Number of protein chains: 2
Amino acid sequence: MLLKVKPLHLLAGRPIAILHEETAHYLNLHAGERIRIKSYGKRKEIVAPIDITGGRTILSHDEIALSQEITKELHLKSKGIVDITPALRPLSLSYIHKKLDNHKLTFTEIYSIISDIVNNELTEAEVAFFVASTYLNGMDLEETAAMTQAMVKTGHQLKLNKQMIIDKHGIGGIEGNRTTPIVVSLIAAAIDQLKLNAAMPKTSSRAITSAAGTADVIETVARVEFSMPELQGIINKTNACLVWGGSLGLAPADDKIIQVERILALDPEAQLIASILSKKLSVGATHVLIDISYGKDAKVKDRGEAEKLKDKFEKIAAKLGLNIKVVLTDGSQPIGNGIGPLLEMRDVFLVLKQEQNKPLDLEQRSVFLATEILSFVLNMKREEAETIIRGILLSGQAFKKFEQIIEAQHGSLGFLDKIKLGRFRYDFKANRHGTIAEISNRKMSHIARMAGSPADKGAGIFLYKHVGQQVKKNEKLFTIFAETRDKLNYAIRLSQRTWPVLVK
Amino acid sequence: MLLKVKPLHLLAGRPIAILHEETAHYLNLHAGERIRIKSYGKRKEIVAPIDITGGRTILSHDEIALSQEITKELHLKSKGIVDITPALRPLSLSYIHKKLDNHKLTFTEIYSIISDIVNNELTEAEVAFFVASTYLNGMDLEETAAMTQAMVKTGHQLKLNKQMIIDKHGIGGIEGNRTTPIVVSLIAAAIDQLKLNAAMPKTSSRAITSAAGTADVIETVARVEFSMPELQGIINKTNACLVWGGSLGLAPADDKIIQVERILALDPEAQLIASILSKKLSVGATHVLIDISYGKDAKVKDRGEAEKLKDKFEKIAAKLGLNIKVVLTDGSQPIGNGIGPLLEMRDVFLVLKQEQNKPLDLEQRSVFLATEILSFVLNMKREEAETIIRGILLSGQAFKKFEQIIEAQHGSLGFLDKIKLGRFRYDFKANRHGTIAEISNRKMSHIARMAGSPADKGAGIFLYKHVGQQVKKNEKLFTIFAETRDKLNYAIRLSQRTWPVLVK
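Everything numeric in this text was worked out from a predicted model, so none of it was measured.

What counts and what doesn't
- Residues numbered from 1 in each chain as written.
- Chains lettered and ligands numbered in written order.
- Predicted model: local features only at pLDDT ≥ 70, side-chain atom pairs only at ≥ 80, totals over all residues.
- Heavy atoms only, no water.
- Helix = DSSP H or I, 4+ residues; strand = E, 2+ residues; numbered from the N terminus.
- Polar contact = N/O pair within 3.5 Å; in protein donor to acceptor, adjacent residues only side chain to side chain.
- Contact = heavy atoms within 4.5 Å.
- Phe/Tyr/Trp six-rings, centres within 6.5 Å; stacked < 30°, edge-to-face > 60°.
- Lys NZ or Arg CZ within 6 Å of the ring centre and 35° of its normal.
- Least-squares fit on C-alpha atoms with pLDDT ≥ 70 in both.
- Domains from an automatic or database assignment.
- Axes fitted to C-alpha atoms, helices over the stretch in contact; angles between N-to-C directions.
- Parallel < 35°, antiparallel > 145°, perpendicular 65-115°, else oblique.
- Left-handed = near helix turned anticlockwise from the far one by under 90°.
- Nonpolar A, V, L, I, M, F, W, Y, C, P; charged D, E, K, R; others polar.
- Buried < 20%, exposed > 50% of the residue type's maximum accessible area, 1.4 Å probe, protein only.
- pLDDT = per-residue confidence, 0-100.

Draft legend 1. Looking closely at the side chain of A:Arg178. Residues and elements named next belong to chain A. Of note, Arg178 is situated in the loop between strand S7 (164-171) and helix H7 (180-193). Among the polar contacts listed, one links the side chain of Arg178 to the backbone oxygen of Ala212, at a separation of 2.9 Å. Of the polar contacts made by the side chain of Arg178, one reaches the side chain of Glu344; its length is 2.7 Å. Not counting residues within four places of it along the chain, the set of residues in contact with Arg178 comprises Ala212, Gly213, Thr214, Val217, Glu344, Val348 and Leu362.

Draft legend 2. Up close: the packing of aromatic side chains. Scanning the model with the defined rule gives 10 aromatic pairs over all chains in all. An angle of 75 degrees between the planes, with centres 4.9 Å apart, marks the rings of B:Phe428 and B:Trp499 as edge-to-face. Remark: B:Trp499 occurs in the loop between helix H19 (485-498) and strand S18 (501-503) and B:Phe428 occurs in strand S13 (residues 424-429); sequence separation between them is 71 residues. What links up through ring pairs into an aromatic cluster is the set A:Phe428, A:Phe478 and A:Trp499. Its end group placed over the ring of B:Trp244, B:Arg206 keeps NZ or CZ at 4.5 Å from the ring centre.

Draft legend 3. Local environment of the relation of the copies chain B and chain A. Here chain B sits on chain A after a turn of 180 degrees about the axis and a move of 0.0 Å along it, with an RMSD of 0.2 Å. The transformation relating the two chain copies, once decomposed into turn and shift, fits a two-fold axis. Judged by C-alpha distance, B:Ala125 is the residue of chain B that lies nearest the rotation axis, at 1.9 Å. Looking at the interface residues of chain B, 100% of them are also at the interface in chain A, so both copies use one shared face.

Draft legend 4. Looking closely at the domain arrangement of chain A. Annotation of chain A at the domain level lists domain 1 (2-86), domain 2 (92-153), domain 3 (164-415) and domain 4 (424-503). Between the C-alpha centres of domain 1 of chain A and domain 4 of chain A the distance comes to 53 Å.

Draft legend 5. Broad picture of the packing of helix H6 (residues 141-153) of chain B against helix H12 (residues 303-319) of chain B. Residues and elements named next belong to chain B. One can describe the packing of H6 onto H12 by two numbers: an axis separation of 9 Å at closest approach and a directional angle of 60 degrees. With respect to their mutual orientation, H6 and H12 come out oblique. As H6 packs across H12, the resulting crossing turns out to be right-handed. Contacts between H6 and H12 pair Leu141, Glu142, Thr144 and Ala145 from the former with Lys312, Lys315, Ile316 and Lys319 from the latter. Residues belonging to the contact of H6 with H12 are distributed by class as follows: three nonpolar, one polar and four charged.

Draft legend 6. Local environment of the environment of A:Asp330. All names here are of chain A. Relative to the helices and strands, Asp330 resides in strand S11 (residues 323-330). Judged by relative accessible area, Asp330 falls into the partly exposed class, the value being 43%. Through-space distance from the C-alpha of Asp330 to that of Leu378 is 26 Å; in sequence the pair is 48 residues apart. At 3.0 Å, the side chain of Asp330 forms a polar contact with the side chain of Ser332.

Draft legend 7. Local environment of the confidence of the model for chain A. For chain A, the average pLDDT comes to 91, and 97% of its residues sit at 70 or higher. Across the assembled chains, the prediction reports ipTM 0.73 with pTM 0.77.

If you want it as structure tokens, here you go:
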């Protein structure tokens, strides 16, 4: 059926077409069903779901409105003519139905779902059915491995001419746990020192529920968004990078699935594993260290759960031919002193620069993780690996490597002086003598976000004490930093209501 | 935060706001999250999910685009200023999560979900999670009754000053099974004859997957869309009506849920029961007959399944204080000769007019259902009720009542002559001598729809034979009617591929 395109400048974030109800009725189409659209006389076509307008409408029955995702794709002029036909339901819908009925899916079926997600052939509601089906019925090891591969194949992949590609991932919910910039600097410096044919191309996320993600922290001193060729340049120079993964198109299905999971804050385990491993495979990783931090307030609640997750990671990685090492670490309290982009950058800087007031817990954890990676990758004794890593840190090689990466990413550590911590501050003090019994990651993250983190770079929390340390009455427990008086007040009120630090 | 409204004439079928990515980043908002919007200086506000536009965008960071659902609701001028704040997640989302985790919901929790669905507070993806959770975890009798009540309370209700409100509903998937107009005419005539303080305000649906719904069929001779006061006028005149339920706002949650179920062609049993009973309660029904037709191709596949469904209907109706009678009928083959709006109207007419060539199976089934209703409502012996019903049919009272209803609905049976059956026709003939072994409802519905039904009123199928009857080779099995040559050809090809009539 030929229809005139009505220029409505519709920007929907996804392909969508609007039909007049008479047209829809004539074609037996209901809202949400799909049509195939092509520019009249051309070959290229696109499939899109329809909205229907009725009553006093802005379309007449021989017109159609298209979102800009479609007009761009079809190179349509504002007053073009399109030819539409009802489209078949995507086959992947029947596979989603199959999973909802608790049947196992094949690789081809999973690939079909993932590829339709990436190509916008499925609506958000359809993806929700997929997420619900895997949340309720789970996925076995083979299905999870298949989903991981499908997610890699439907995205961009980084190609590096290296024998070993090293990567790490932390599963946390642990505030201030900014080991990544330190570990990457240590390992990249070790690669140089030991003349390894290797690289550590680290891509990170921005904060989702935490006060800051690694990308937010690095962004205080350098750029983190690059094209694929730019990224290759940075890695060629430094054997490493510290960039945001979001703009690279690695395993893009993952982002779309996570967007739907976020609606109900769901996090199906199969999806978690596929999400992490697909990003690693997309950068060509050969060796991956997974750091699972467990604790009451962390994503993984206790050691038993952590062990089970470790086991699944190992089994699925084996199916994918990926060398993996999983370590379990304490996730009971925040790490370091700073929580928030600039405050965490400061902690990283103090450790790498080996300053007197460096946060010891952050240093120790970073050395531990780098040691694990080196001994795992080179099949080396742990003591030997630790000696190398400590040497690199003490000699300033790690700091130099970090500076080199930051400069390759068009940044400078000089920025650190210019960006100021939030000028509105509040000291939260102990109301009694005693010992710190508990510091809640979850509450700290809420307070830091209330204070403006991560959007306000200088907002966040500085923690003076850790669990087990003594405090006197009226001694400072933490300071809140904010960019505005209002945000500071929100954060103060939340602190007073939730008491994130427990003194006993 | 104050933003300028950019006039994009966005018509999305639901409230939606588009923010610039900088604004979203500043407010820590992700696509799909919600904001509260009010016109600057006014009090009325509306909650809407957001889309985010990035890169080369058509919005600047101090602007917002709003769908017309919002601008209308807020009476916004095209260049107004709005005040937005991040909105809390609707509480109902946590109840949906609870159901997804297989916990029982209370009435209040179910009411909250249903009311948020009706008020557009939940997105389609969120409703999909609700549908998936009830599909996978089911709902018990109390939950189903609660959902039914919530659906009634969140919609319009018909108020009639009658002692008894009689209703019926057929669960089918049986083509040509147009008993409703006949049964309503019989019962309404019986109400007159017996001077009962009663009415039968029948609301029906349009076709969803079948070739025609009762509303499509009645629409060939009368109007079916009325406002609530108009409807009351029709019922006051005739003690009955035969209208489309869709425009009355009865249990509107149901339509929105069904729209999402249709994505995967899901039909959770709890939803089916709540859907039917809520429509009945919304018209104030006191006595309801449910006709479950079962058969291989029907919605209910066999007698066992039908018995179970009957049991659930009876138990839930008891919880709702509704008098209900459930009958099980044969759904193995189409009923009557016509399939398609005008062809089915013709069958109804022939039975009511008591013409020689009336379809006997349709008459018999209609008399059976009307008899069941009368004996159930008046607690009368079945034989006695049947005598009354047959008397009404034979005497022409039923036909007069039908004419009266059609006229009250601004129609006339004179239209029947004017509207012609599709002028493109094809006779499908038997390829051998034998007995009709099977006629597939599902295949017949597909063929009739291909031929243009229900949008083309005169399109459809005329069936010459029923199961058990003899045919000779080359004798006509059915004729396809279509309005265009193309549609006829589609329907012919589908017939030849699927063989809807099996001769043995």
